[in-house]
Amino acid sequence: MTLTASLINQEKPWLQQTSSGSRLAARNLRCPSGSQWIPTLLFELKLTELITRCDKDRDLNPADVRGDHGPPLCTLLLLLATLAGALASSSKEDRIIPGGIYDADLNDEGVQHALHFAINKYNKDTEDENYRRPLRVLQAREQIVAGMNYFFDVEVGRTICTKSQPNLDTCAFHEQPELQNKQLCSFEIYEVPWENRRSLVKSRCQEA
């Protein structure tokens with residue numbers, strides 16, 4: 001391993017845990033230790049591939065990757081690529097503050113999984129035989145801590161399906177409003193994605 005690659009892996013040990021066959025999946029990882037989404041993760045993975053390629057080229061053809069004087073050309077290219085990536089991402093990263101609470105994207109896979117987890121826990125704790133699911137999501141927020149906190153305000157309705165039936169996420173609601181038993185619920189979920197750990201911290205519901 002080169003010095004450059006060693007430094008990158010020391011700063012981001014979670015990159016070492018990502019095999020080359022699953023690097024695209026690593027775009028969905030969140031960096032540990034309370035830091036934010038890493039918008040430059042894909043760039044860094046490409047940078048890691050470039051380091052590996054340069055190392056192989058240098059071993060096979062030393063004259064092709066080194067100038068007559070000075071450091072290897074690969075090293076210069078990597079330094080320029082790192083600087084370009086840092087400049088490209090700095091403006092976006094400056095808007096994200098670890099510990100701050102921000103609106104969450106409901107289309108985000110991690111947000112969807114957190115909401116689904118909360119609804120499943122909610123249904124396990126209710127004595128109703130019928131499954132309940134969101135009628136609408138009033139608000140979704142997220143907070144970057146040593147992991148992720150998700151906050152949801154959801155209007156929940158009663159479906160015509162029992163909890164043992166399949167495809168509960170698309171089950172129809174009762175047509176009669178009095179049978180829907182609408183509730184307004186607030187959920188807080190704590191997640192540590194790199195440990196595959198998730199828990200429902202708070203769950204509070206009231207009649208709508």
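Residues numbered from 1 in each chain as written. Predicted model: local features only at pLDDT ≥ 70, side-chain atom pairs only at ≥ 80, totals over all residues. Heavy atoms only, no water.

**Student:** Before we go on, may I ask you to explain the pattern of salt bridges in this structure?
**Tutor:** Oppositely charged side chains can pair when the atoms bearing their charge come close. What the rule picks out here adds up to five salt bridges. Across the pair Arg-158 and Asp-128 runs a salt bridge whose closest N-O atoms are separated by 2.5 Å. Separated by 30 residues along the polypeptide, Arg-158 in strand β3 (residues 147–162) and Asp-128 in the loop between α6 (109–125) and β2 (130–145) bring together distant segments of the chain. Exposure class is identical for Arg-158 and Asp-128. Each is buried. What emerges from the salt-bridge pattern is a single network uniting Asp-128, Arg-132 and Arg-158. (Salt bridge = Lys/Arg side-chain N within 4 Å of Asp/Glu carboxyl O. Helix = DSSP H or I, 4+ residues; strand = E, 2+ residues; numbered from the N terminus. Buried < 20%, exposed > 50% of the residue type's maximum accessible area, 1.4 Å probe, protein only.)

**Student:** Can you help me understand α6 in this one?
**Tutor:** Owing to its 3.6 residues per turn, the α-helix brings residues three or four apart onto one side. For α6, with 17 residues, the first-to-last C-alpha span of 25 Å sits near the 24 Å given by 1.5 Å per residue. Taken together, the buried positions of α6 are occupied by Val-111, Ala-114, Leu-115, Ala-118, Ile-119, Tyr-122 and Asn-123. N-cap assignment for α6: the residue whose side-chain oxygen lies 2.9 Å from the backbone N of Gly-110 is Asp-108. (Expected span 1.5 Å × (residues − 1). Polar contact = N/O pair within 3.5 Å; in protein donor to acceptor, adjacent residues only side chain to side chain.)

**Student:** Help me out: how do you make sense of the state of the cysteines in this one?
**Tutor:** Here a disulfide denotes a covalent bond joining the sulfur atom of one cysteine to the sulfur atom of another. Throughout the structure, instances matching the rule amount to two disulfides. Each sulfur of the disulfide joining Cys-161 and Cys-171 lies 1.8 Å from the other. Classification of the bridge connecting Cys-161 and Cys-171 rests on its S-S torsion, roughly 95°, and on that basis the disulfide is right-handed. Placement of the pair is Cys-161 in strand β3 and Cys-171 in the loop between β3 and α7 (177–180), with a sequence separation of ten residues. The class for Cys-171 is buried, based on a relative accessible area of 5%. (Disulfide = S-S within 2.5 Å.)

**Student:** Sorry, what's going on with the sheet that holds strand β1 (residues 101–103) here?
**Tutor:** To summarise the sheet geometry, strands pair through backbone hydrogen bonds and adopt either a parallel or an antiparallel arrangement. Taken together, five strands build an open sheet; the order of strands is β1-β2-β3-β4-β5 and the sheet is antiparallel. Each edge of the open sheet is held by one strand with a lone partner, namely β1 and β5 (197–207). Strand-to-strand twist of the sheet, defined as the mean angle between neighbouring strand axes without regard to direction, takes the value 30°. In terms of strand pairing, strand β4 (residues 183–192) meets β5 through ten bridges, oriented antiparallel. Note that in β5 the partner of Val-192 across the bridge is Arg-197. The strands that α6 touches are β2, β3, β4 and β5; relative to β2, the one it contacts most, it runs at about 130°. (Pairing = 2+ DSSP bridges. Axes fitted to C-alpha atoms, helices over the stretch in contact; angles between N-to-C directions. Contact = heavy atoms within 4.5 Å.)

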